[in-house]
Amino acid sequence: MELHERDERRAAAEAVLDDLAAAGVVGVVLPWVDTSGITRMKSVPLAQLPSAAQWGVGMSPVFDGFLVDDSIVAGTHAGSAVGDLRLHPDLSRLTVLAAQEGWAWAPVDRYTQDGVPHVQCSRSLLRRLVDELAADGLSVRAAFEVEWALGEPGEDFVPALSGPAYGLTRQIEVSDYARDLLAALAAQGVAVHQFHPEYAAGQLEVSVAAEDPVGAADTALLVRATITAVSIAHGLRASFSPKVTADGVGNGGHVHLSLWRSSPDGRPENLMGGGSGTFGLTPDGGAFVAGLLQHLPGLLAVGCPSVASYLRLVPSHWAGTYAVWGLENREAAVRFVTGPSGHRQEAANVEVKCVDAAANPYLLLAGLLAAGSAGVQAGTALPDPVGIDPATLSEAGRRDAGITELPSSLGEAVAAFERDEVLTAAFGPELSTTIAEVRRGEVALFDGASPEDVTAAVRWRY
Ligand code: GLU
Ligand code: MG
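Analysis parameters
- Residues numbered from 1 in each chain as written.
- Chains lettered and ligands numbered in written order.
- Predicted model: local features only at pLDDT ≥ 70, side-chain atom pairs only at ≥ 80, totals over all residues.
- Heavy atoms only, no water.
- Near = heavy atom within 4 Å.
- Polar contact = N/O pair within 3.5 Å; in protein donor to acceptor, adjacent residues only side chain to side chain.
- Areas by Shrake-Rupley, 256 points an atom, 1.4 Å probe, with all protein chains shown as cover.
- 1 Å grid on protein atoms, 1.4 Å probe; cavity = no way out; pocket = protein on both sides within 12 Å on 5 of 7 lines; lining within 4 Å.
- Sits in = over half its atoms within 2 Å of the grid points.
- Nonpolar A, V, L, I, M, F, W, Y, C, P; charged D, E, K, R; others polar.
- Pairing = 2+ DSSP bridges.
- Helix = DSSP H or I, 4+ residues; strand = E, 2+ residues; numbered from the N terminus.
- Axes fitted to C-alpha atoms, helices over the stretch in contact; angles between N-to-C directions.
- Contact = heavy atoms within 4.5 Å.
- Expected span 1.5 Å × (residues − 1).
- Buried < 20%, exposed > 50% of the residue type's maximum accessible area, 1.4 Å probe, protein only.

Asks: Help me get a handle on the site of ligand 1, residues and values and all.
Replies: The environment of ligand 1 is formed by Glu147, Glu198, Gln203, Glu205, Val249, Gly250, Asn251, Gly252, His254, Arg312, Trp318 and Lys353. In the model, a nitrogen atom of ligand 1 is placed 2.9 Å from a nitrogen or oxygen of the Gly250 main chain. In this structure, an oxygen atom belonging to ligand 1 sits 2.6 Å away from a side-chain N or O atom of Arg312. For ligand 1, whose accessible area on its own is 300 Å², the fraction buried by protein is 95%. Among the cavities detected, the one that contains ligand 1 is the largest pocket. Among the residues making up the shell around ligand 1, the classes are represented as two nonpolar, five polar and five charged.

Structure follows, in structure tokens:
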């Protein structure tokens, strides 16, 4: 970061101080997500925002090696108590928090003290991959669905609502809570598409509009922080854990993606629709989806990063445990969505269903972009879509249809990740090594633990 850029960042912060003060802001939260998927933070009082924008806020690189329980792996490139990084707030996402009076929020990029993006900063990595796609005239629109389980206070999970799945009763039970949540999200400029009660006990969901990938990951953080704040204000607890209790359906963190190309008339075209391929896919759109499918086993180490993730990832639980794609198939890891007729050119997208909210959203999108663009570059062919729940076939039937199951444990996913040259090249050697070491650390942490022990240990962590 050049000195003049530091000056510009300071000036941008100074320019918003009065408005923030008028909005009652006293402190600014500076969040980022670690390798294990936990959002960590520092904060500054309002008066320090210009300094934070210019020089960053110190935070140790040790957090790259943190595990879900705050223990630390002694990694090859992470986990050392020596050194310092600077958290630089991205003021383009500065938001006054509507559910935490007196606070604003700005996600950060992590830089070295010399002003170079930290090689293990997931937000910087994602931005670099977005820029690389843009150099080829391509862009991705993305959105995270947020599922959570709402519980009573206490360590055990006692659902805070009891009505039926997707039931009107549930919405009535949480009427004030949901109103406050929707109001806070709207005040923060989050474009919510839907709110609804989900399937599992106490489970709710918010979906939001698609945006550029970095924006989508930022929004995922903001939505979850808002849900947590509104839950606490109502005397409740929100769990985003992949599996809140050992039995039943888990929390997904599904990602919607569409690939766009800037056309000569300046209007981007959605490559997921209007083509001559299956379900209207264009050749590049199809190759992008094929790339996702091909790299899903390794991607699981990023998108399903917790030991608890594999308790969620069981067949016939709408979690998408098979490495297949299909039109509106909720048992396919990649569900193709055309949207209603008349709106398809805009709306067509793929939903990656197998992933969950323990994932660092920046790392996950970086992995998805790397996988999809590798498919585009190689012109990878899409396999036939699957229109059934593969679990209803016999093992031989699945083999004949070429249907494979995704890794069923974190250890298997890490091995697939390490074999995946596209993903490890995109992440770079330091970050790839840290991802593998942190995951192995979590595997060791829960060695021999029962599903009840695992779910209890991570229930309130994400
Ligand atoms: N809760 C399910 C999951 O674990 C997803 C339900 C749905 O299809 O929205 O991913
Ligand atoms: Mg859902």
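Asks: Requested: an account of the sheet that holds strand E10 (residues 192-197), with residues and values cited.
Replies: Pairing in this open sheet of four strands is antiparallel, and the strands run E10-E11-E9-E12 from one edge to the other. Each of the sheet's edge strands pairs with one partner strand only, and the pair in question is E10 and strand E12 (237-239). The sheet shows a mean angle of 25° between the axes of neighbouring strands, direction not considered. As judged from the five bridges shared by E10 and strand E11 (residues 203-208), these two strands associate in the antiparallel manner. The partner of Val192 across the bridge, within E11, is Val208. Its contacts with the sheet put helix H5 (residues 175-187) on strand E9 (146-151), E10 and E11, and the angle it makes with E10 is roughly 165°.

Asks: Account for the sheet that holds strand E6 (residues 103-105), naming residues and giving values.
Replies: Reading across the sheet, the four strands line up as E2-E1-E6-E5 and stay open at both edges, with mixed pairing between neighbours. At either end of the open sheet lies a strand with only one pairing partner, and these are strand E2 (39-45) and strand E5 (95-96).

Asks: Tell me about helix H6 (residues 213-233), and name the residues and values.
Replies: With 21 residues, H6 extends 30 Å between its outermost C-alpha atoms, agreeing within 8% with the 30 Å of an ideal straight helix rising 1.5 Å per residue. Within H6, 17 of the 21 residues are buried, which leaves the element mostly enclosed by the surrounding structure. By the N-cap criterion, in which a side-chain oxygen at the helix start approaches the backbone nitrogen of a residue two or three places on, H6 is capped by Asp212, the distance to Val214 being 3.3 Å. Taken from the residues just after H6, Gly235 is the one with a positive phi, measuring 70°.

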